[in-house]
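Okay, here's what each chain looks like letter by letter:
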Amino acid sequence: MSITQWILLAIGLFVLFWAVGAYNRLVTLKNAIANAFGQIDVQLKRRHDLIPNLVEVARQYLVHESQTLEAVIAARNQARNAEQAAAASPLSAQALAALAGAEQTLGAALSKLMVVVEDYPELKADQNLRDLSEELASTENRIGFARQAYNDQVLQFNDAASQFPTLIVARIFGLLPQAMLASTTTEAERQPVKVQF
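Counting of residues starts from 1 at the beginning of each chain's written sequence and follows it residue by residue. Where totals are concerned, whole chains, interfaces and linings use all residues; where local detail is concerned, this predicted model gives features only for residues with pLDDT of at least 70, and gives and counts side-chain atom pairs only at 80 or more. The side-chain quantities take in all heavy atoms of the structure and omit both hydrogens and water.

**Let's talk about the overall build of the protein**
The line we're drawing: Each helix is a run of H or I in the DSSP string that is no shorter than four residues. Each strand is a run of E no shorter than two, and both are numbered from the N terminus. Taken over C-alpha atoms, the radius of gyration is set against a globule rule of 2.2 Å times the number of residues to the power 0.38. The cut-offs for exposure are 20% and 50% of the maximum accessible area for each residue type, with area from a 1.4 Å probe on protein chains only; residues under the lower value are buried, those over the upper are exposed, and the others partly exposed. It only takes one pair of heavy atoms within 4.5 Å for two residues to be counted as in contact.
Check the secondary structure of the protein and you find 6 helices and 0 strands. For 197 residues, the compact-globule estimate of 2.2 N^0.38 gives 16 Å, and the protein exceeds it by more than 25% at 24 Å. In terms of principal-axis extent, the alpha carbons of the protein reach across some 90 × 30 × 20 Å. Across the 197 residues that make up the protein, the buried fraction comes to 34%. Once local pairs closer than 6 in sequence are excluded, the contacts in the protein between residues at least 24 apart make up 80%.

The following block contains the structure:
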């Protein structure tokens, strides 16, 4: 073998090893996104499990507010279904958008319930309701942190998959940029929730 052939072989081996390393890094980052979504999923499940207990405690006092309670349960069920669909496909932008919309609807229904609770002093004083409300608030904070961690992982993956020359490996193997979780998608969603009775 001539020196030129050795040099070409060395260059070819270098490119091959680099491409394998780049692919492995991208797969690791993509798996980190799925793991980060798993953390969100855990917190959403916790939230969804707390809501029926909160509604049941409130039901004792809110006999005339059954529509509000039913709206919370319906929104919770819709959010739970969207969460299960997103958990089955955590890298699907469509599933994540549906989850974000369902979670926003649930948040609005919970806000309305909390406004109603304010009108019932005996309910507001109930220790079970206070405990559940505190757990729910804690869970909301955890969900926020988990969403931030997810978006950080997506950013890291998207940066790696968009930089040259790794971009070539990403496109060859179909490792396309992923969508971030957005709590709102339109200007109307960014407006404060208006509760009317």
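**Here we look at the packing of aromatic side chains**
Given two aromatic rings, their pairing is described by the distance between the two centres and the angle made by the two planes. Note the following rule: Aromatic pairs are defined between Phe, Tyr and Trp rings, using the six-membered ring for Trp, whenever the two ring centres lie within 6.5 Å; interplanar angles under 30 degrees are classed as stacked, those over 60 as edge-to-face, and all others as tilted.
Per the counting criterion, the structure on display carries 2 aromatic pairs. Arranged with centres 6.2 Å apart and planes meeting at 75 degrees, the rings of Phe 37 and Tyr 150 form a pair that is edge-to-face. A residue pair is termed long-range when its members are at least 10 positions apart, and Phe 37 in helix 1 (residues 3-59) and Tyr 150 in helix 5 (residues 127-162) qualify at 113 residues. Residue Phe 37 shares its accessibility class with Tyr 150, and that shared class is buried.

**Section: the pattern of salt bridges**
The criterion, for reference: Should a side-chain nitrogen of Lys or Arg be within 4 Å of a carboxyl oxygen of Asp or Glu, the pair is scored as a salt bridge.
Overall, the coordinates contain 7 salt bridges when judged by the stated rule. Here Arg 46 and Glu 135 are joined by a salt bridge, their closest N and O atoms 2.3 Å apart. Of this pair, Arg 46 sits in helix 1 while Glu 135 sits in helix 5, and the two are 89 residues apart along the sequence. For Arg 46, a relative accessible area of 25% gives the class partly exposed.

**A few points about the nonpolar core**
Going by this rule: Here, the term nonpolar core denotes a set of buried Ala, Val, Leu, Ile, Met, Phe, Trp, Tyr and Cys residues that are joined through side-chain atoms within 4.5 Å.
Counting residues in each nonpolar core, the largest one holds 47 residues, and the members touching the most others are Leu 26, Leu 62, Leu 113, Leu 123 and Tyr 150. At the level of elements, helix 1, helix 2 (66-88), helix 3 (93-118), helix 5 and helix 6 (166-172) are the ones that each hand at least two residues to this core. Broken down by element, this core gets its largest block of residues, 14 residues, from helix 1. With residues up to four places along the chain from it excluded, the contact list for Leu 26 reads Phe 157, Ala 160, Ala 161, Thr 166, Val 169, Ala 170 and Leu 175.

**Some details on unusual backbone geometry**
Of note, the bond from Phe 164 into Pro 165 is cis; its omega dihedral lies within 30 degrees of zero at 10 degrees. Considering the arrangement of structural elements, one finds Pro 165 in the loop between helix 5 and helix 6.

**Comments concerning the environment of Ser 2**
Along the polypeptide, Ser 2 turns up in the segment before helix 1. Here the alpha-carbon distance between Ser 2 and Ala 22, two residues 20 residues apart in the chain, equals 30 Å.

**A closer look at the packing of helix 1 against helix 5**
Counted only if it meets this: Working convention: axes come from line fits to C-alpha atoms, limited for helices to the stretch in contact. Angles between N-to-C directions cover 0 to 180 degrees. Roughly parallel here means an angle under 35 degrees, roughly antiparallel means over 145, roughly perpendicular means 65 to 115, and every remaining angle is called oblique. The sense of a crossing depends on the near helix, which, turned anticlockwise from the far helix by less than a right angle, makes the crossing left-handed and, turned clockwise, makes it right-handed. When residue character is reported, Ala, Val, Leu, Ile, Met, Phe, Trp, Tyr, Cys and Pro are called nonpolar, Asp, Glu, Lys and Arg charged, and the others, Gly included, polar.
Running from N to C, helix 1 and helix 5 point in directions that differ by 165 degrees, and their axes come no closer than 8 Å. Relative to helix 5, the element helix 1 lies roughly antiparallel. The way helix 1 lies across helix 5 gives a crossing that is left-handed. Across the contact of helix 1 with helix 5, the residue classes tally to 23 nonpolar, 9 polar and 8 charged.

**Comments concerning the environment of Phe 164**
Mapping Phe 164 onto the fold places it in the loop between helix 5 and helix 6. As for Phe 164 and Ala 85, which are separated by 79 residues in sequence, their C-alpha atoms are 34 Å apart.

**Considering the side chain of Thr 166**
Tracing the backbone shows Thr 166 in helix 6. Ignoring anything within four residues of it in the chain, the contact list for Thr 166 reads Trp 18, Ala 22, Leu 26 and Ala 160.

**Quick look at helix 3**
The test is simple: Multiplying 1.5 Å by the helix residue count minus one yields the expected span of that helix.
Over its 26 residues, helix 3 extends 38 Å from the first C-alpha to the last, a length consistent with the 38 Å expected when each residue adds 1.5 Å. Within helix 3, the full set of buried residues consists of Ala 95, Leu 96, Leu 99, Ala 100, Ala 102, Glu 103, Leu 106, Ala 109, Leu 110, Leu 113, Val 116 and Val 117. In this structure, the buried side of helix 3 is in contact with helix 1, helix 2, helix 4 (121-124) and helix 5.

Remember, this is a structural readout, not a statement about activity or role.
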